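# Survey of secondary and tertiary structure
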Amino acid sequence: MKEPVSAIRATGVDKAFDVTIHILAVTIILLVCYPLLYVVAASFSSPLEVSRGNVIFFPREITLDAYENIMKNRELLTGYANTVKITVLGTAINIFMTTCCAWPLSRRDLAGCGTITKFVTFTMFFSAGMIPDYMLINELGLMDSIWSLVLPGAVSVYNMLVMRNFFQTSIPDEVVEAAMIDGCGNIQTLVRVVLPLSKAIIAVMFIFYMVGHWNAYFNAMMYMQSADKYPLQLVLRNILLESKTYFAQGEGMGFATADAALAYVTIQYACIVVSSMPVLIIYPFMQKYFVKGVMIGAVKG
C-alpha cells in the first residue's frame with residue numbers, strides 16, 4: 001500500500017527541518033567553543049606567534065613559559081587561594097540559607113506563606129542601591145573582610161524560588177506526613193527525608209552559587225582594601241587592564257621572562273585558562289543533576 005502524498009511531503013519537511021536544526025546546532029557550538037579553543041591554544045603558543053595572529057585553532061611553537069610565570073606570581077597564587085576560600089564558604093552559606101528559606105515557604109500550611117513570598121519576591125526588583133550597601137557594610141565593620149563578600153548575597157531570591165518550586169512539585173505531602181507520624185520534627189523531616197530526595201536541586205544551587213562566587217570581582221573591588229585579600233578575578237582584572245605595566249616590572253612582580261613586554265600577551269590567556277579550569281572540571285560531574293533540577297524547579301507551583 002502506497003503512502004499518502006501528504007505523508008511523503010511531511011517526511012521530507014521533517015528531514016529538512018532536522019538537517020537545518022543540526023546545522024544550526026553545530027554552528028552555535030563552534031561559535032561558542034572557538035573562543036575557548038583559541039584561548040587555550042594561545043596560552044600554549046609563543047608570544048610572537050600570538051602577536052602576529054598566526055594562532056587560529058592550534059598552538060604554534062608550543063611553550064609553557066606563560067604557566068611557569070603564573071606559578072611564580074605570588075599575587076595570582078594568593079588570589080587563587082582567596083577565591084577558593086570565598087567560594088567554599090560562600091557556597092555553603094548560600095545553600096544553607098536558601099534551603100532554610102525555601103523549605104518553609106514551600107509548605108502550604110505555613111501561615112502567611114503567600115504574603116511572605118511576595119515580600120521576598122519584591123526584593124528581586126527593588127533594592128537600596130550600591131551606596132547604601134557600602135554604608136551598611138562599613139557600619140557593620142565588615143570592610144576588608146571575607147564576610148563582606150559572602151554575607152550580603154547569602155540568599156538569591158531567584159534561586160530560592162526555584163528550590164521552593166522543586167520542593168512543592170517533587171516532595172509529596174504524603175512523605176512529609178509519614179515522617180511526622182513517625183515522630184520527626186520539622187528539622188528532622190528536612191534533614192532526613194527532604195534533602196536526600198533533593199540532590200538534583202542542591203546540585204543546581206551548588207553550580208549557580210559556586211560559579212557566581214568564582215567569577216565575582218565587583219564586591220571585592222568595593223569592600224577589599226588589602227591586596228593580599230583580593231580574589232583571583234580581581235587580580236586578573238588588574239592584569240588585563242594594566243598588563244603592560246604589570247608584567248614589565250619583571251622580577252619585581254615575581255616574573256622572570258626574557259621579554260616581559262611581549263610575554264604578557266600569552267600570560268593573559270594562561271590566566272583565563274587557570275581561572276576557568278575548576279568550573280570546567282566540576283561541571284561534568286554535576287551535569288546529570290543540572291537539567292533535571294532546573295526543569296523541575298522551574299515548574300510553577
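Here is what the cut-offs are and how they apply
Residues numbered from 1 in each chain as written. Predicted model: local features only at pLDDT ≥ 70, side-chain atom pairs only at ≥ 80, totals over all residues. Heavy atoms only, no water. Helix = DSSP H or I, 4+ residues; strand = E, 2+ residues; numbered from the N terminus. Contact = heavy atoms within 4.5 Å. pLDDT = per-residue confidence, 0-100. 1 Å grid on protein atoms, 1.4 Å probe; cavity = no way out; pocket = protein on both sides within 12 Å on 5 of 7 lines; lining within 4 Å. Points joined across faces, edges and corners; volume = space filled by probe spheres on them. Buried < 20%, exposed > 50% of the residue type's maximum accessible area, 1.4 Å probe, protein only. Arc of directions from axis to C-beta.

Note on placement: T99 falls in helix α4 (residues 74–106). For T99, the residues in contact, after removing those within four places along its chain, are P104, M163, F167, L190 and L195.

Confidence in the prediction of the chain, expressed as mean pLDDT, is 79, and 83% of residues score 70 or more. Looking over the chain, one finds the lowest element-wise mean pLDDT in helix α14 (residues 243–248), namely 53, and the highest in helix α7 (residues 147–150), namely 90.

This part takes up the layout of surface pockets. If a probe as big as a water molecule is rolled over the atoms, it shows which places are left empty. Roughly 530 Å³ of volume is contained in the largest pocket. As for the largest pocket, its lining consists of 25 residues, and the residues nearest its centre are L149, L151, P152, G153 and N219. Elements with a contribution of two residues or more to the lining of the largest pocket: α4, α6 (130–139), α7, α11 (199–215) and α12 (218–223). By volume, the second largest pocket amounts to about 230 Å³. What lines the second largest pocket is a set of 13 residues, among which W103, P104, R107, M180 and N186 lie closest to the centre. Contributing elements (two or more residues each) for the lining of the second largest pocket: α4, α9 (173–181) and α10 (186–194). For the lining of the second largest pocket, the element with the most residues is α4, which contributes four residues.

Looking now at α10. Where α10 is concerned, the buried positions are T189, L190, V193 and V194. Along the axis of α10, the buried positions cluster into a sector of 110 degrees, meaning they face one direction only. Away from its buried face by more than 90 degrees, α10 exposes I187 and R192. Tucked inside the fold, the buried residues of α10 contact α4, α8 (157–170) and α9.

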